[in-house]
Amino acid sequence: MKNSCHNHQKKIALINDYSGFGRCSIAVALPIISMMKVQCCAVPTAILSNHTGFDSYFFDDYTDHMETYIKEWEKLGLKFNGICSGFLGSERQIEIVKGFMQRFKTEETIVLVDPVMGDYGRPYATYTPDMCQAMKSLVQYADILTPNLTEACILTDTPYKERWKQSELKEMSKKLFQMGPQKIVITGIPQRSFVANYCYWSKKEPHIIRTHKIGDSRSGTGDVFAAILAADAVNGVEFIDSVKKASRFIKNCIERSSQMDIPLTDGVCFEELLYKLK
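Residues numbered from 1 in each chain as written. Predicted model: local features only at pLDDT ≥ 70, side-chain atom pairs only at ≥ 80, totals over all residues. Heavy atoms only, no water.

(A) Looking closely at the packing of aromatic side chains. Tallied over the full model, the rule gives ten aromatic pairs. Ring geometry for Phe21 against Phe54: centres 5.9 Å apart, planes inclined by 50 degrees, an arrangement best described as tilted. Of this pair, Phe21 sits in strand 1 (residues 11-21) while Phe54 sits in the loop between strand 2 (39-50) and strand 3 (59-61), and the two are 33 residues apart along the sequence. Accessibility expressed as a relative area gives 43% for Phe21, which makes it partly exposed. Members of the aromatic cluster, connected to one another through ring pairs, are Tyr62, Tyr69, Trp73, Phe80, Phe100 and Phe104. Taking the ring centre of Phe80 as reference, the NZ or CZ of Lys11 above it sits at 5.9 Å. (Phe/Tyr/Trp six-rings, centres within 6.5 Å; stacked < 30°, edge-to-face > 60°. Helix = DSSP H or I, 4+ residues; strand = E, 2+ residues; numbered from the N terminus. Buried < 20%, exposed > 50% of the residue type's maximum accessible area, 1.4 Å probe, protein only. Lys NZ or Arg CZ within 6 Å of the ring centre and 35° of its normal.)

Structure representation (structure tokens):
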């Protein structure tokens, strides 16, 4: 076979779990990144029949296979314009992802870390204090960080609460900035009838983007958000414009899902609106 270069197209390495049903993680991010004209190369951390928000599901941990899987990419000489990490289920997986970034991150590679650690003021059951510390060490590799309000509190050892002053959000963002990321979005901040995203990045004034709250929370919206930001970053789109685009797209997807009577567990029917991301 003729030797050839595999790096003529923009690529993002996506490290996350795969759920066959339920619209989250790789199943959400891969088609979105692809629609935005970037090749999406997935590293699965686990395989699920459907996500853990359902009463019953099949789960297969992929940790033992990840390093062998990644070594094959090294043999191919793959280079990535972006790396995007999502939910990680153990300290060992976090260490594997750190190793991946050490091997594949260059000065041109944009790394987005979505520190999927908890929600509603509490860490997920799998996130022990040691795992929280391990995630803090992963954050240093990020160029873009997309924690929700709970995760931002965990990463900065800040007590969680529902209502925040802008000065408090700025202070928490500064702490996250000092950990390494140059662009930070704290997502899902409740503000009465709105949901806000607080954007903080170097050499710019912080910016709050608000959208009207519509319906109840749905699985996978964080994965949609991170995928759009990662693809836009690789494509050179301005950070604030990308956050606005992602916020608007998710709002429209939630509206369409409600119109179609999609169960909350099934996530957002982004397929109906995917064409808008061209």
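(B) Representation of the environment of Lys213 within the structure. Note that Lys213 resides in the loop between strand 11 (207-212) and helix 7 (221-234). Judged by relative accessible area, Lys213 falls into the exposed class, the value being 56%. Sequence separation of Lys213 and Gly188 is 25 residues, and the distance between their C-alpha atoms is 9.9 Å. If near-sequence neighbours (up to four positions away) are discounted, Lys213 is found in contact with Ser193, Phe194 and Val195. (Contact = heavy atoms within 4.5 Å.)

(C) Looking closely at the packing of helix 7 against helix 8 (residues 239-259). Between helix 7 and helix 8, the least distance of the axes is 9 Å, while the angle of their chain directions is 145 degrees. In terms of crossing hand, the pair formed by helix 7 and helix 8 is right-handed. Listed contacts from helix 8 to Thr221, Val224, Phe225, Ile228, Leu229 and Asp232 of helix 7 are Phe239, Ser242, Val243, Lys245, Ala246, Ser247, Phe249 and Ile250. Of the residues contributing to the contact of helix 7 with helix 8, the split by class is nine nonpolar, three polar and two charged. (Axes fitted to C-alpha atoms, helices over the stretch in contact; angles between N-to-C directions. Left-handed = near helix turned anticlockwise from the far one by under 90°. Nonpolar A, V, L, I, M, F, W, Y, C, P; charged D, E, K, R; others polar.)

(D) Geometry of the pairing of strand 9 (residues 183-191). Bridging between strand 8 (residues 144-145) and strand 9 involves two bridges; their strand directions are parallel. Each bridged residue has a counterpart across the sheet, and for Ile144 the counterpart in strand 9 is Lys183. Pairing geometry for strand 9 and strand 10 (residues 194-201), over seven bridges, is antiparallel. When the sheet's bridge partners are listed, Ile186 is paired in strand 10 with Tyr198. The hairpin formed by strand 9 and strand 10 contains two residues between the paired strands, and Arg192 there has a positive phi angle of roughly 55 degrees. (Pairing = 2+ DSSP bridges.)

(E) Summary view of the environment of Lys251. By the secondary structure assignment, Lys251 is in helix 8. Separated by 38 residues in the primary sequence, Lys251 and Lys213 have C-alpha atoms spaced 8.1 Å apart. For Lys251, the contacting residues outside a window of four places in its chain are Thr211, His212 and Ile214.

(F) The arrangement of empty space enclosed by the protein in detail. By the definition in use, this model includes one cavity of 30 Å³ or more. Counted as a void, the largest cavity has a volume near 60 Å³. Lining the largest cavity are Leu14, Asn16, Ala29, Cys84, Ser85, Gly86, Asp114, Asp223, Ala226 and Ala227. Of all the secondary structure elements, the ones that give two or more residues to the lining of the largest cavity are strand 1, strand 4 (82-85) and helix 7. Top element by residues in the lining of the largest cavity is helix 7. It accounts for three residues. Residues of the lining of the largest cavity, tallied by class, amount to five nonpolar, three polar and two charged. (1 Å grid on protein atoms, 1.4 Å probe; cavity = no way out; pocket = protein on both sides within 12 Å on 5 of 7 lines; lining within 4 Å. Points joined across faces, edges and corners; volume = space filled by probe spheres on them.)

(G) Broad picture of helix 8. Taking 1.5 Å as the rise per residue, helix 8 with 21 residues should run 30 Å; its terminal C-alpha atoms sit 31 Å apart, in good agreement. Residues Phe239, Ile240, Ser242, Val243, Ala246, Ser247, Phe249, Ile250, Cys253, Ile254 and Ser257 constitute the buried set of helix 8. For helix 8, the elements touching its buried residues are strand 8, strand 9, strand 10, strand 11 and helix 7. (Expected span 1.5 Å × (residues − 1).)

(H) Layout of the side chain of Ser242. With respect to the helices and strands, Ser242 occurs in helix 8. For Ser242, the side chain forms a polar contact with the side chain of Asp232, separated by 2.9 Å. Apart from the residues lying within four places of it in its own chain, the contact partners of Ser242 are Ile228, Leu229, Asp232 and Val237. (Polar contact = N/O pair within 3.5 Å; in protein donor to acceptor, adjacent residues only side chain to side chain.)

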